[in-house]
Amino acid sequence: RIAKFVKDFDIKVQPSETGVYYLEIKTGTGAYVDNGDLVSIHYNLYNIDNKLIESSYNGEPLQFIFGSGDMVPGIEEGVSHMRVGGKSTIIVPSKMGFGEVAIDKELPAYSTVIFDLELVDVQKSR
């Protein structure tokens with residue numbers, strides 16, 4: 001299903017070694033992210049059928065400590081390429097997403113997910 005999605009949306013980038021596709025939408029000009037930093041992101045989460053499942057844009061940005069293992073691995077990989085102010089879209093295979101966890105009927109276990117990410121802020125740990 002990822003191959004069909006990539007073809008349907010004419011995506012030309014190659015996936016990383018982990019299978020994550022990273023598409024930069026807007027290049028940020030702020031700080032890069034390092035392990036231990038407090039990261040704030042806004043996101044839209046879509047299923048492979050391009051249906052919006054969840055968004056942070058109607059509330060506060062999602063915060064997490066980068067590199068702590070508390071975040072979906074695909075999001076950490078995507079954010080690692082970004083600078084504050086940047087926007088990207090990532091296509092995340094299930095092993096780098098929610099894996100065997102079923103979110104709901106629109107996002108069953110072993111689902112490929114798509115995230116629009118915006119790196120809002122990075123608070124450096126050092």
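The structure presented is a predicted model; accordingly, all values stated were derived computationally and were not measured. (Residues numbered from 1 in each chain as written. Predicted model: local features only at pLDDT ≥ 70, side-chain atom pairs only at ≥ 80, totals over all residues. Heavy atoms only, no water.)

A. Region of interest: the overall build of the protein. Along the protein, the regular secondary structure elements total 2 helices and 6 strands. Its helices and strands taken in sequence order, the protein reads α-β-β-β-β-α-β-β from the N to the C terminus. Projected onto its principal axes, the C-alpha positions of the protein cover 40 × 30 × 30 Å. Within the protein, the fraction of its 126 residues that count as buried is 44%. About 7100 Å² of surface is accessible on the protein, with carbon and sulfur atoms providing 51% of the total. Positive and negative charge centroids in the protein, built from 12 and 18 side chains respectively, lie 6 Å apart. (Helix = DSSP H or I, 4+ residues; strand = E, 2+ residues; numbered from the N terminus. Buried < 20%, exposed > 50% of the residue type's maximum accessible area, 1.4 Å probe, protein only. Areas by Shrake-Rupley, 256 points an atom, 1.4 Å probe, with all protein chains shown as cover. Lys, Arg positive; Asp, Glu negative; His and termini not counted. Charge placed at Lys NZ, Arg CZ, Asp CG, Glu CD.)

B. Spotlight on unusual backbone geometry. At Asp10, a residue that is not glycine, the phi angle is positive and equals roughly 50°. With respect to the helices, strands and loops of the structure, Asp10 is situated in the loop between α1 (2-8) and β1 (21-26).

C. Seen up close, the packing of aromatic side chains. Counting across every chain of the model gives 3 aromatic pairs. Ring centres 6.4 Å apart and planes at 70° place the aromatic pair Tyr43 and Phe115 in the edge-to-face group. Of this pair, Tyr43 sits in strand β2 (residues 38-47) while Phe115 sits in strand β6 (residues 113-123), and the two are 72 residues apart along the sequence. With 6.4 Å between their ring centres and 50° between their planes, Phe98 and Phe115 make a pair best called tilted. Residue Phe98 is found in the loop between β5 (87-92) and β6, and its partner Phe115 is found in strand β6; the two are separated by 17 residues along the sequence. (Phe/Tyr/Trp six-rings, centres within 6.5 Å; stacked < 30°, edge-to-face > 60°.)

D. Representation of the nonpolar core. By size, the foremost hydrophobic cluster in this structure holds 24 residues, and its most contacted members are Ile75, Val79, Phe115, Leu117 and Leu119. The set of elements that each furnish at least two residues to this core consists of β2, α2 (73-79), β5 and β6. In this structure Val79 touches Val33, Val39, Ile41, Phe64, Phe66, Leu117 and Leu119, once residues within four positions along its chain are discounted. In this structure, Phe5, Leu23, Ile91 and Ile114 belong to the second largest nonpolar core, which totals 10 residues. (Core = buried A, V, L, I, M, F, W, Y, C linked by side-chain atoms within 4.5 Å. Contact = heavy atoms within 4.5 Å.)

E. Quick look at the side chain of Thr112. Among the secondary structure elements, Thr112 is positioned in the loop between β5 and β6. When near neighbours in sequence (up to four residues on either side) are disregarded, Thr112 contacts Ile2, Asn47, Ile48, Ile91, Val92, Pro93 and Ser94.

F. The arrangement of the side chain of Asp37 in detail. Mapped onto the fold, Asp37 is located in the loop between β1 and β2. Here Asp37 is in contact with Tyr32, Phe64, Ile65, Phe66, Val122, Gln123, Lys124 and Ser125, once residues within four sequence places are set aside.

G. Layout of the pairing of β6. Across 10 bridges, the pairing between β2 and β6 is antiparallel. Considered in β6, the bridge of Val39 is made with Val122. (Pairing = 2+ DSSP bridges.)

H. Structural context of the pattern of salt bridges. Here the structure, examined in full by the defined rule, presents 7 salt bridges. Shared partners join several salt bridges into a network, and the residues in it are Asp34, Asp37 and Lys124. (Salt bridge = Lys/Arg side-chain N within 4 Å of Asp/Glu carboxyl O.)

Purely geometric stuff here, so don't read any function into it on its own.
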